[in-house]
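# Examination of the molecular architecture
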Amino acid sequence: MSAAPADRPVHVAGDGALLDVAEAIAADWAALGIRGSFLARHLDSGEQLGFDVDELIPLASVVKVPLALVVLDRIAAGELDPARPVTVDPATSSVGPTGLAAFRHPATVAVGDLLCLMLSVSDNASADALFDLVPVADVDARLRAWGCAGIRVRHRMNHMYECAAGAAGNDFSLALELAVRDERAGRHTIETLDPAHANLGSAAALVDLLQRVWGDEISRPQATAELRRLMGLQVFTQRLASELRADTVRLSGKTGTFLHLRHEIGVVEAESGDRVAVAALTRADRRAGLAPDIDLAIGIGARQAFEALRG
């Protein structure tokens, strides 16, 4: 599906007041040079607001959520032991700044703890160790069988870095420049940023997945309950949680970051009983390894949407 023009997002909203919120979030993003899609949905009322919700965007580490669900489904079915030990050698494992990917020596970790590292600190080495146990094609096929048509899993995590290195060597700045330039041109030098080859998803498909996970309407209850628990352990709070941190609010989420991509999906749950699923998928229009203003814009949009939807 082709993307909507950046200056004319296609909005979705249940009424005029929600439309105003969706338009305000889209305008704030545009002012910062952000392209992307956003959807927030109240899990009980079904009311929602957002824009460009069907646009298919490379997922970066957000793909770890469907991977985790498929692995947890196998565990719940008795096909995989969560206590099974897996040895990860940094010399041959995936690139990344956290978890086992940052280790300098081999480590042996149980499958269940690989899931924890993958979701809590977004460890790429743990994710690819899980892909060794449940191959990419099997994950994608299971999602098809579950009816998750708007999510595609096509490659391991380390393939993103292999493709970036193939295009730019070890020059991260050049890879970022290529990503931004190619985004504007509509072509992709880095294969894993190309919708034809990337792990892919839309805001609508990801919110649908979260709704099914939170409602125990996919896989098995044992698997969905554990996925909810693990997503609640995420340590990164600079995006969705940045404007929603409070003793009366719980946020379970998963970020995704690669070159100019900055994403997060999650569910905000309040003591009032309100539950709102959010997917924010962004592409920056500037070369910036760090962009706290974009992170904050995602958080502000999530807060505005949550406040509008909670009634």
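In the block above lies the structure referred to throughout.
Residues numbered from 1 in each chain as written. Predicted model: local features only at pLDDT ≥ 70, side-chain atom pairs only at ≥ 80, totals over all residues. Heavy atoms only, no water.

Our focus in this paragraph is the overall build of the protein chain. When helices and strands are counted, the protein chain shows 10 helices and 11 strands. Its C-alpha atoms give the protein chain a radius of gyration of 18 Å, near enough to 19 Å, the size a compact globule of 311 residues would have. Once the C-alpha set of the protein chain is aligned to its principal axes, its extents read approximately 55 × 45 × 35 Å. Across the 311 residues of the protein chain, 52% fall into the buried class. About 12,600 Å² of surface is accessible on the protein chain, with carbon and sulfur atoms providing 50% of the total. Taking the 30 positively charged and 41 negatively charged side chains of the protein chain as two groups, their mean positions are separated by 3 Å. (Helix = DSSP H or I, 4+ residues; strand = E, 2+ residues; numbered from the N terminus. Rg over C-alpha atoms; globule rule 2.2 N^0.38 Å. Buried < 20%, exposed > 50% of the residue type's maximum accessible area, 1.4 Å probe, protein only. Areas by Shrake-Rupley, 256 points an atom, 1.4 Å probe, with all protein chains shown as cover. Lys, Arg positive; Asp, Glu negative; His and termini not counted. Charge placed at Lys NZ, Arg CZ, Asp CG, Glu CD.)

Another aspect to go through is the sheet that holds strand 7 (residues 151-152). Taken in spatial order, the 3 strands make up an open sheet running 4-8-7, and their pairing is antiparallel. On the outer flanks of this sheet lie strand 4 (57-58) and strand 7, each paired with one strand and no other. Across 2 bridges, the pairing between strand 4 and strand 8 (residues 200-201) is antiparallel. Bridge pairing in strand 8 links Ile-57 to Gly-201. (Pairing = 2+ DSSP bridges.)

Next up on the list: the pattern of salt bridges. Under the criterion given, the structure shown has 22 salt bridges. Notably, a salt bridge pairs Arg-41 with Asp-208, separated by 2.8 Å at the nearest N-O pair. One end of the pair, Arg-41, is in strand 2 (residues 34-42); the other, Asp-208, is in helix 8 (residues 203-214), and 167 residues separate them in sequence. Looking at Arg-41, the relative accessible area reads 10%, which means it is buried. Each of Arg-35, Glu-55, Glu-183 and Arg-283 takes part in a single network of salt bridges with overlapping partners. (Salt bridge = Lys/Arg side-chain N within 4 Å of Asp/Glu carboxyl O.)

Residues Val-86 and Val-88 line the buried face of strand 5 (residues 85-88), whereas the alternating positions Pro-85 and Thr-87 sit on a face that is not buried. Across 4 bridges, strand 5 lies against strand 6 (residues 107-110) in antiparallel orientation. Directly across from Val-88, in strand 6, lies its bridge partner Ala-107.

On inspection of all chains with the given rule, the structure shows 4 aromatic pairs. Here the aromatic rings of Trp-29 and Phe-51 are separated by 5.3 Å at their centres, their planes lie at 85 degrees, and the arrangement is edge-to-face. With Trp-29 in helix 1 (residues 16-31) and Phe-51 in strand 3 (residues 48-51), this residue pair connects regions lying 22 residues apart in the sequence. According to the relative accessible area criterion, Trp-29 is buried, its value standing at 1%. Seen from their ring centres, Phe-38 and Phe-51 are 6.1 Å apart, and the 20 degrees between their planes marks the pair as stacked. Placement of Phe-38 in strand 2 and of Phe-51 in strand 3 is noted, with a sequence separation of 13 residues between them. By the ring-pair criterion, three or more aromatic residues cluster together here, those being Trp-29, Phe-38 and Phe-51. (Phe/Tyr/Trp six-rings, centres within 6.5 Å; stacked < 30°, edge-to-face > 60°.)

Moving on: the sheet that holds strand 9 (residues 249-258). One open sheet accounts for 6 strands, arranged 1-3-2-11-10-9; its pairing is antiparallel. Bordering the open sheet on either side are strand 1 (11-13) and strand 9, each of which pairs with just one other strand. For this sheet, the mean angle separating the axes of adjacent strands, direction not counted, is 10 degrees. Across 3 bridges, strand 1 lies against strand 3 in antiparallel orientation. Looking across to strand 3, one finds that Val-12 is bridged to Gly-50. Contacting strand 2, strand 3, strand 10 (261-270) and strand 11 (275-284), helix 10 (residues 292-309) runs over the sheet at an angle of about 30 degrees to strand 2. (Axes fitted to C-alpha atoms, helices over the stretch in contact; angles between N-to-C directions. Contact = heavy atoms within 4.5 Å.)

Tracing the backbone shows Met-157 in the loop between strand 7 and helix 6 (158-168). Since its relative accessible area comes to 0%, Met-157 is described here as buried. When the C-alpha atoms of Met-157 and Ala-125 are compared, they prove to be 8.1 Å apart, with 32 residues separating the residues in sequence. With residues near it in sequence (within four places) discarded, Met-157 still touches Ala-60, Ser-61, Val-63, Lys-64, Asn-124, Ala-127, Asp-128 and Phe-131.

Moving on, we get to a negative patch on the surface. Together, Asp-15, Asp-20, Glu-23 and Glu-47 give the surface a local cluster of negative charge. Within the secondary structure layout, Glu-23 lies in helix 1. (Patch = residues over 30% accessible without salt bridge, like charges linked within 9 Å, V, L, I, M, F, W, Y side chains within 5 Å.)

So, about the side chain of Thr-282. Inspection of the secondary structure assignment puts Thr-282 in strand 11. The contact partners of Thr-282, leaving out residues within four places of it in the chain, are Trp-29, Ile-34, Arg-35, Gly-36, His-260, Leu-261, Arg-262, His-263, Ile-294 and Ile-298.

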